[in-house]
Amino acid sequence: MGLALGSGAARGYAHLGVLQVLEEEKIPVDLIAGCSIGSVFGAFYARGLDLYMLEKMSKQLKRNQLLDFNVPRMGLLRGRKIEALVRLLTKNAHFSHLKKPFYVIAVDLKRGEEVVLCEGSVAEAVRASIAIPGVFVPKRYRGRLLVDGAVLNSMPAKVLRDQGADIVIGVDLRARGLGGKEIKINNIFDVLLRSIDLLGREANKGQSGEADVIIKPPVAHYNPANFEEASCLIPLGRKAAAQEIPRIRKMIFDMQKNPRRRMK
């Protein structure tokens, strides 16, 4: 069973609600892949952190605790605060320390290719995956200049399939129709995040077909730059995951009944 956690900036708090439901329902997740904000919550889950402690902490976090402004050259934010937070909460873990196999998706900006990170420092890999172009300074890591994986792959389902997952669950936070509503665009962060969000529609098309179940929390009308709405976004993730539990259980039953049959 593989779980692919997609991009979505602040909307990623919905991932936490999804993870809580999967854990409560004892859905066995054997390997995880994360892109952008999905890599943050994927790292916490793979490390075995208490999901309810994370919920309490998320509701207390303010934007200035996550974002560190930079003199613009390659990005508006340094990204050091988020990297430090991930390093602290994962206890400076390397991938080999995690309880579950975990794959982080980034993009090599110079070569224009997707990179799957699964060795070395978890915090540094996550920092690379969240480096939204123009917002965060790219991460120099192991001889590469890395940016947000959502540039090429906003929901990394295929990575899990390539790693041998028989069933893949995807969590998709990309922008869809807003039902006539508009997202407020007030500053450069809103412009950049909204643009990447919309580009993710195209980047996700090929990936969606690799997932057996796609959980789609209705978060499109939430501003991806507002990191102070955890209390609204987490329940949306929970509700969307709960709706898919019967389907996931049926897939597990079918696989156990016929273990040689892959879902895709």
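Okay, so let's go over this structure. As the structure is a computational prediction, the values presented were derived from the model and not from experiment.

## Brief notes about helix α5 (residues 80–89)
- When α5 is considered as a whole, its buried residues turn out to be I82, E83, L85, V86 and L89. Here the buried residues of α5 occupy an arc of 160 degrees about the axis, which is enough to place them on one side. Away from its buried face, by an angle of more than 90 degrees, α5 presents the exposed residues R80 and L88.

## What about the pattern of salt bridges?
- For the coordinates displayed, the defined rule picks out 15 salt bridges.
- K139 serves as the salt-bridge partner of E83, at 3.3 Å between the closest nitrogen and oxygen. Of the two residues, E83 is situated in helix α5 and K139 in strand β7 (residues 139–141); the sequence distance between them amounts to 56 residues.
- K139 sits in the buried class, given a relative accessible area of 13%.
- A salt bridge links D162 to K158, with the shortest nitrogen-to-oxygen separation between them at 3.1 Å. Placement of the pair is D162 and K158 together in helix α7 (residues 157–162), with a separation of 4 residues, close to one helical turn.
- Taken together, the shared-partner salt bridges connect E83, R87, E124 and K139 into one network.

## Comments concerning the nonpolar core
- Ranked by internal contacts, the top residues of the largest apolar core, which has 76 residues, are Y13, F102 and L117.
- No other element matches helix α9 (residues 230–257), which puts 10 residues into this core.
- With residues near it in sequence (within four places) discarded, Y13 still touches F41, S58, L61, L66, F227, A230, L233 and I234.
- Listed in part, the 15 residues of the second largest apolar core include A33, I105, A150 and A157.

Calculation notes
- Residues numbered from 1 in each chain as written.
- Predicted model: local features only at pLDDT ≥ 70, side-chain atom pairs only at ≥ 80, totals over all residues.
- Heavy atoms only, no water.
- Buried < 20%, exposed > 50% of the residue type's maximum accessible area, 1.4 Å probe, protein only.
- Helix = DSSP H or I, 4+ residues; strand = E, 2+ residues; numbered from the N terminus.
- Arc of directions from axis to C-beta.
- Salt bridge = Lys/Arg side-chain N within 4 Å of Asp/Glu carboxyl O.
- Core = buried A, V, L, I, M, F, W, Y, C linked by side-chain atoms within 4.5 Å.
- Contact = heavy atoms within 4.5 Å.

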